[in-house]
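# Observations on the model geometry
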Amino acid sequence: MNIEEKLSAVVKAAVSALYGIEADDKSVQLSATRKEFEGDLTLVVFPFLKASKKKPEETAQEIGDYLVANASEVEKFNVVKGFLNMVIKKGHWVSALNNILADDNFGKKTPTPESPLYMVEYSSPNTNKPLHLGHVRNNLLGSSLCRILEACGLRVVKTNIVNDRGIHICKSMLAWKLFGNGETPESSGKKGDHLVGDYYVKFDKEYRAQVKELMSQGQSEEDAKKNAPLMVEAQQMLKKWEDGDAEVRALWEKMNNWVYAGFDETYKRMGVSFDKIYYESQTYLDGKAKVNEGLEKGVFYRREDGSVWADLTKDGLDEKLLLRADGTSVYMTQDIGTAQQRFRDYDISRMIYVVGNEQNYHFQVLSILLDRLGFKWGKDLVHFSYGMVELPEGKMKSREGTVVDADDLMDKMVEDAKQMSLELGKLQDCSEAEVDEVARICGLGALKYFILKVDPRKNMMFDPKESIDFNGNTGPFIQYTHARICSVLRKAAEMGITLPNKLNEDLQISDTEGMLIQSLASYPDVVAQAGKEFSPALIANYIYDLVKQFNSFYHDFSILKEGNEDVRAFRLLLSKSVAKVVKSGMGLLGIEVPERM
RNA sequence: GGUCGGGUAGCUCAGCUGGAUAGAGCAACAGCCUUCUAAGCUGUGGGUCAAGGGUUCGAAUCCCUUCCCGAUCACCA
């Protein structure tokens, strides 16, 4: 039980004894005291004024007296208006630090075989182009969310649905066939996903030229788009694919494999992975079957042209197409099939889709459709809807070449980190491999932190012209603090200082140190909150605050030069605990921390 | 037009289950390295929390109206 919970109980006892009311959790508002006032924890007494029928100051005074008499942790208190500021005994903070030191898994819970199973879908790329910054946000949020949920004691299956079929892939295939001259990743030295993406762009370029040409011959834009030879041929290719044409299937497999090899590299570098990957080429048939089943049961209806629809007007939505007139499936159909397979494969208690907020409507519809098809978990699916990454000129658009490529961005970040490191010259006695490793950790750390510190639900801005910072509220700032602590601990070891496992609670510590421990002690609550709200940003902002606080302490207090050995040992263990929490929290964000930089 | 988001310092973002004088970083300016890593620390300036109304002892936070921005309502995924 932490100090807030303990004191909360005593406050309830206090108002019960003093004013004869049973206070609920909501009315007991305890929070960290603002730094301009004396104290560690503050109780807001306004909610009790009705019962006390006394002035705020008087009420606070009475509750304060009760707390000092009945809560051993409370040393004294002061009252400012309706705020009761409690000073907690220093011994309590030392004891709290002892608890943190003793717990190797501090802040995290361990899932058991009985824990609920959460399946988290994220990444979900198309196989016609490389990953860009938008995918990066998705991947980082998804993988971090999985780590956080596990730290909250849940079992997690990380999954990915690869959209490996459809007209967009056929476009790349066709362009490669027509203009590729047999180019391969080996022959060109290009990463497979980039190579395939190049042909997707090539298709679009040639296609637009054809549309323009047809329009100059007098066709309407709509007709021209439909009749352009390239589009006609791509559609024929899609049809051949569905019919199982051997040649088309072979090309499809070849090019998809190029893409997968490229994705694997990018995923590995980002530090994301999956327990189970689904492919739409293997789920869309199940989806079609399920839709046809729904059609027979009268859940859906067929129009004159043969297409199949769901009527959602009773739910306040529109009508939704599920099968085209030619019987081919759409996105929604595939998602139904995928969902079915997943629940067949795993005993899922909750399904979470990490997908951008542009698809809010899609998931609203999916939830209803699954429910109507008789899947009892349909209603409870969670769409973890995150905001878009915007550029100064607006949304990223593949065709307009305004995308920020994931691989390029990571390269740039690592390069910048190396440059910075060389300029500062702190790693002069390291091998080149070590220098590169630090640059990798810091560069990726800067990128990941930059993205994860923002509230997932909000759109965020990225300006490619301005490089991501390494100072201030950034990943490297936090990593730097960790490296410094490691450095101090290394020096302590060199000096032959041995650290006790447990500190004497009579030790006199400063307010600064007490407050630092108070921050450390709140880490488990932050992790729980992040899991509840699906927000890695809460962890990022917490670590930043913690680190800022530590840096201030580090500046104002000596550690190794402290004359009193007990105090020196305390400060070393305090620093060590900060490093431990920083490493743990950054770990939940998928960010590594270096031991020197 | 319907639905759903969002608008906080010059810029990027916290704060939003109502609590004290709205916070950080970047940018600007001024200090701090013979002392544990200056990717750091300290300070200054910078705000009509989009606007108006309401609820409340108390509103950036909750409710209503208006304005602005975005997403979506595809036989794309």
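Look above for the structure.
Heads up: these notes are all about the structure in this document.

### Some words on the overall build of chain A
Looking only at helices and strands, chain A features 21 helices and 15 strands. The principal-axis extents of the C-alpha atoms in chain A amount to approximately 90 × 65 × 45 Å. Expressed as a percentage of its 597 residues, the buried residues of chain A come to 53%. Intrachain contacts of chain A at a sequence separation of at least 6 include 74% that bridge at least 24 residues.

### Observations concerning the packing of helix α12 (residues 284–297) against helix α13 (residues 331–345)
α13 packs onto α12 with a crossing angle of 100° between their chain directions and a minimal axis gap of 7 Å. Between α12 and α13, the angle is such that the two are roughly perpendicular. Here Tyr284, Asp286, Gly287, Lys288, Lys290 and Val291 of α12 lie close against α13, whose contacting residues are Thr333, Gln334, Ile336, Gly337, Gln340, Gln341 and Arg344.

### With respect to the nonpolar core
In summary, soluble globular proteins display a tendency toward joint burial of nonpolar side chains. Counting residues in hydrophobic clusters, the biggest one holds 153 residues, and the most contacted among them are Leu43 and Ile63. A total of eleven residues in this core trace back to one element, the largest contributor, which is helix α21 (residues 565–588). If we skip the residues at most four places from it in the chain, isoleucine 63 touches Ala14, Val15, Leu18, Tyr19, Leu43, Val45, Phe48 and Leu84. Of all hydrophobic cores here, the second largest spans 33 residues; its members include Met119, Val157, Leu322 and Ile368.

### Some points on the protein's contact with RNA strand B
Neighbouring residues of RNA strand B: 63 residues in total, closest Asn163, Asp318, Lys426, Tyr480 and Phe557. Methionine 597 is positioned with one of its backbone polar atoms (N or O) 2.9 Å from a base nitrogen of RNA strand B. For the surface near RNA strand B, the secondary-structure elements that each account for two or more residues are β2 (41–44), β4 (83–88), α15 (406–424), β15 (460–461), α17 (475–494) and α20 (536–556). At seven residues, the largest contribution of residues to the surface near RNA strand B is made by α17. In terms of residue class, the surface near RNA strand B is built from 27 nonpolar, 18 polar and 18 charged.

### Some points on the environment of valine 80
Inspection of the secondary structure assignment puts valine 80 in strand β3 (residues 74–80). A relative accessible area of 28% places valine 80 in the partly exposed class. Residues valine 80 and serine 329, spaced 249 residues apart in sequence, show a C-alpha to C-alpha distance of 66 Å. Ignoring any residue separated from it by four or fewer positions in sequence, one finds valine 80 in contact with Phe37 and Asn85.

### A word on the environment of methionine 332
On the secondary structure map, methionine 332 appears in helix α13. The class for methionine 332 is buried, based on a relative accessible area of 2%. A sequence separation of 44 residues divides methionine 332 from lysine 288, and the C-alpha atoms of the two residues are 9.9 Å apart. Setting aside anything within four residues of it in sequence, one finds methionine 332 in contact with Lys320, Leu322, His362, Val365, Leu366 and Leu369.

### Regarding the pattern of salt bridges
Scanning all chains against the criterion turns up 35 salt bridges. Among the ionic pairs, glutamate 242 bridges to arginine 165, the shortest N-O distance being 3.1 Å. In this pair, glutamate 242 is assigned in helix α10 (residues 229–242) and arginine 165 in the loop between β6 (155–162) and α6 (167–179), connecting sequence segments 77 residues apart. Neither residue differs from the other here; glutamate 242 and arginine 165 are each classed as buried. Linked through salt bridges whose partners overlap, the residues forming this network are Arg165, Glu242 and Lys288.

### So, the pairing of strand β5 (residues 117–121)
Most of β5 is tucked away: five of the five residues are buried. Neither face of β5 is exposed, since Leu117, Met119 and Glu121 on one face and Tyr118 and Val120 on the opposite face are all buried. One ladder, built from five bridges, connects β5 with β6; its direction is parallel. Bridge pairing in β6 places glutamate 121 opposite threonine 159. In the classification by handedness, the crossover that spans β5, the intervening helix α5 (residues 133–151) and the parallel β6 is right-handed. As defined by bridge partners, β5 adjoins strand β11 (residues 350–356) across four bridges and the pair is classed as parallel. Residue pairing across strands places glutamate 121 opposite tyrosine 353, the latter belonging to β11.

### A word on α10
With 14 residues, α10 should cover 20 Å at 1.5 Å per step; its first-to-last C-alpha distance of 20 Å lies within 8% of that length. Taken together, the buried positions of α10 are occupied by Leu230, Met231, Ala234, Met237, Leu238, Trp241 and Glu242. Along the long axis of α10, the arc covered by the buried residues comes to 140°, so they all point the same way. Lining the buried residues of α10 we find α6, α8 (192–216), α9 (221–227), α11 (246–270) and α12.

### With respect to the sheet that holds β4
Hydrogen bonds between backbone atoms are what pair the strands of a sheet, whose relative direction is either parallel or antiparallel. Read from one edge to the other, the open sheet built from four strands follows the order β1-β2-β4-β3, with strand pairing classed as antiparallel. The sheet is open, and its two borders are formed by β1 (29–32) and β3, each paired with just one other strand. For this sheet, the mean angle separating the axes of adjacent strands, direction not counted, is 25°. Pairing between β1 and β2: four bridges, direction antiparallel. Bridging across to β2, alanine 32 finds its partner in leucine 41.

Cut-offs and rules
Residues numbered from 1 in each chain as written. Chains lettered and ligands numbered in written order. Predicted model: local features only at pLDDT ≥ 70, side-chain atom pairs only at ≥ 80, totals over all residues. Heavy atoms only, no water. Helix = DSSP H or I, 4+ residues; strand = E, 2+ residues; numbered from the N terminus. Buried < 20%, exposed > 50% of the residue type's maximum accessible area, 1.4 Å probe, protein only. Contact = heavy atoms within 4.5 Å. Axes fitted to C-alpha atoms, helices over the stretch in contact; angles between N-to-C directions. Parallel < 35°, antiparallel > 145°, perpendicular 65-115°, else oblique. Core = buried A, V, L, I, M, F, W, Y, C linked by side-chain atoms within 4.5 Å. Near = heavy atom within 4 Å. Polar contact = N/O pair within 3.5 Å; in protein donor to acceptor, adjacent residues only side chain to side chain. Nonpolar A, V, L, I, M, F, W, Y, C, P; charged D, E, K, R; others polar. Salt bridge = Lys/Arg side-chain N within 4 Å of Asp/Glu carboxyl O. Pairing = 2+ DSSP bridges. Right-handed = clockwise from strand over helix to strand, strands pointing away. Expected span 1.5 Å × (residues − 1). Arc of directions from axis to C-beta.

Geometric descriptors of this kind do not, in isolation, establish any biological role.
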